[in-house]
Amino acid sequence: MSVNKKGIEMSDILCVGQMVVDILVQNVDEVDFNVDTKRVDQILMQNGGDCLNTVIDLKKLGADVGVSGVLGRDPMGEFLYGILKENCIDTGGICFDDSSKTSSVVGLINKSGERVFLYYGGSNDALTFEKVDGRMVENARIVHVGGTYMLPGFDGEGARKLFSLAHKTGAFTTMDVTWDTTGRWLETIKPCLSELDLFVPSINEAKEICGTEDEREIAAFLKDRGVKNVMVKLGGRGCYVDAFGRQYYQKAYKVPVVDTTGAGDSFVAGVLYGLSQRWEPEAITRFAAAVSAHCIQKLGATAGVPSYDSVIDFMKNAE
């Protein structure tokens, strides 16, 4: 992070959006409400949320990254704020909302590493375009929104305004999404699609947005509506890329799976890192797949993501 002559933080990448406290419960294969108590292997409290996870992953990789989002003035907000400080991430873009509690999630994880989230919106619901420091946007080369569909005061029109502002100073815009509990899908994000340089949805969300399970048709659908480049995350199958004049599949690395929480966020972090280094598309997605492969080998959204050098060493011999 550097500072310009006006004293404003400058970063290669600015991430805006969802920040959450994850309460992770392992291993839960079923829940029976007729049983009073069930033992589990462990319960952990960690950082979560698409934006916050991506920011922390990027910092671990050595990227120059800034963050903007909303926390509540409560112990959970202090917990996430402390994690940002511990990771040496600038907190100048963080707003505190006195009327909201910090967003939280209970994640139930089964023995295969798959999970389901029980989500409380809280402070994320208070994020608006006006709460994002425009000076930070103007001083970033890449502006990313993470957690779309869980930002009701910002989604759609707020994202459009953000991306439009970013484009005025020549920045590249990207977006990731989570599950839309309202079921509005395309209607919600339609205002910002024409301002979006790269969209990186997961297949589960993308098929709801586009009305098809075919990743090639998904990419075509989104590009017909103004998105410049598309990467569709396919879970264990890897990723389909229709971006920068290339169309191809990036396979996933074969590694043992402990927890898939944050897998998509870590992939996005790898993509953003590669974009900031101006790599070719194939190099970007291979690196992103390697970052994600590390994420799923540990419990928690960011615990498994290592340094840039460790990822590169892994890529030399991994399958």
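Residues numbered from 1 in each chain as written. Predicted model: local features only at pLDDT ≥ 70, side-chain atom pairs only at ≥ 80, totals over all residues. Heavy atoms only, no water.

## A few points about the overall build of the chain
Here is the rule we go by: Counting from the N terminus, the helices are the DSSP runs of H or I reaching at least four residues and the strands are the DSSP runs of E reaching at least two. C-alpha atoms define the radius of gyration in this analysis, and the globule rule sets the expected value at 2.2 Å times the number of residues to the power 0.38. Residue burial is assigned from relative accessible area. The probe radius is 1.4 Å, only protein chains are included, and a residue is buried under 20% of its type maximum, exposed over 50%, and partly exposed in between. Contact definition: two residues touch when any of their heavy atoms are within 4.5 Å. We get accessible surface area from the Shrake-Rupley algorithm with a probe of 1.4 Å; when it comes to residues, only the shown protein chains can shield them. Charged residues are defined narrowly, with Lys and Arg counted positive, Asp and Glu counted negative, and His plus the chain ends left uncounted. A single reference atom marks each charge: NZ on Lys, CZ on Arg, CG on Asp, CD on Glu.
When helices and strands are counted, the chain shows 10 helices and 14 strands. Since a compact globule built from 319 residues should have a radius of gyration of about 20 Å, the 18 Å found for the chain is in line with a globular shape. Projected onto its principal axes, the C-alpha positions of the chain cover 55 × 45 × 40 Å. Residues counted as buried form 55% of the 319 residues belonging to the chain. At a minimum sequence separation of 6, the contacts of the chain that also span at least 24 residues come to 71%. As displayed, the chain has an accessible area near 13,800 Å², and 48% of this comes from carbon and sulfur atoms. In the chain, which carries 33 positive and 44 negative side-chain charges, the distance between the mean positions of the two groups comes to 4 Å.

## What to know about the pattern of salt bridges
This is how the line gets drawn: The rule for a salt bridge is simple: a side-chain nitrogen of Lys or Arg has to be within 4 Å of a carboxyl oxygen of Asp or Glu.
With the rule as written, the count across this model stands at 12 salt bridges. With its nearest N and O atoms 3.1 Å apart, the salt bridge here joins D176 to K233. Placement of D176 in strand β10 (residues 172-177) and of K233 in strand β12 (residues 229-233) is noted, with a sequence separation of 57 residues between them. You'll find D176 and K233 in the same group, each marked buried. For E187, the salt bridge is made with R184, and the minimal N-O distance between the two is 3.2 Å. On the accessibility criterion, R184 (41% relative accessible area) is partly exposed. The network of salt bridges with shared partners includes R246, E280 and E282.

## Quick notes on the confidence of the model for the chain
Filter applied, for reference: What pLDDT reports is the predictor's confidence in each residue, on a scale of 0 through 100.
Averaged over all residues, the pLDDT of the chain equals 94, while 97% of them reach at least 70. Confidence drops under a pLDDT of 50 for residues 1-8, and excluding neighbours within four residues, the segment shows 17 contacts in the predicted structure.

## A short note on the packing of aromatic side chains
Heads up, the condition is: Pairing of aromatic side chains here covers Phe, Tyr and the six-membered ring of Trp, requires ring centres within 6.5 Å, and sorts the geometry by plane angle: under 30 degrees stacked, over 60 edge-to-face, intermediate tilted. Two limits define a charge over a ring: the Lys NZ or Arg CZ must be within 6 Å of the ring centre, and within 35 degrees of the ring normal.
Evaluated as defined, the whole model comprises 12 aromatic pairs. Seen in terms of ring centroids, W279 and Y308 are 6.5 Å apart; in terms of plane orientation they differ by 45 degrees. Their pairing is tilted. With a gap of 29 residues between them, W279 in the loop between α8 (263-276) and α9 (281-295) and Y308 in helix α10 (residues 308-317) connect regions that are remote in the sequence. One aromatic cluster is present, built from ring pairs that chain together Y273, W279, F287 and Y308. Taking the ring centre of F221 as reference, the NZ or CZ of R225 above it sits at 3.5 Å.

## Concerning the pairing of strand β5 (residues 65-72)
Counted only if it meets this: Only strands joined by at least two bridges in the DSSP assignment are considered to pair. Handedness of a crossover is defined as follows: orient the strands so they point away from the viewer, and if the path from the first strand over the helix to the second runs clockwise, the crossover is right-handed.
With 8 of 8 residues buried, β5 is to be regarded as a mostly interior element. Residues V65, V67, G69 and L71 point to one face of β5 and G66, S68, V70 and G72 to the other, with burial holding for every one of them. Two elements, β5 and strand β6 (residues 94-97), share 4 bridges in a ladder whose sense is parallel. Looking at the pairing, G72 lines up with D97 of β6. Note that the unit made of β5, helix α2 (residues 75-86) and β6 has a crossover that is right-handed.

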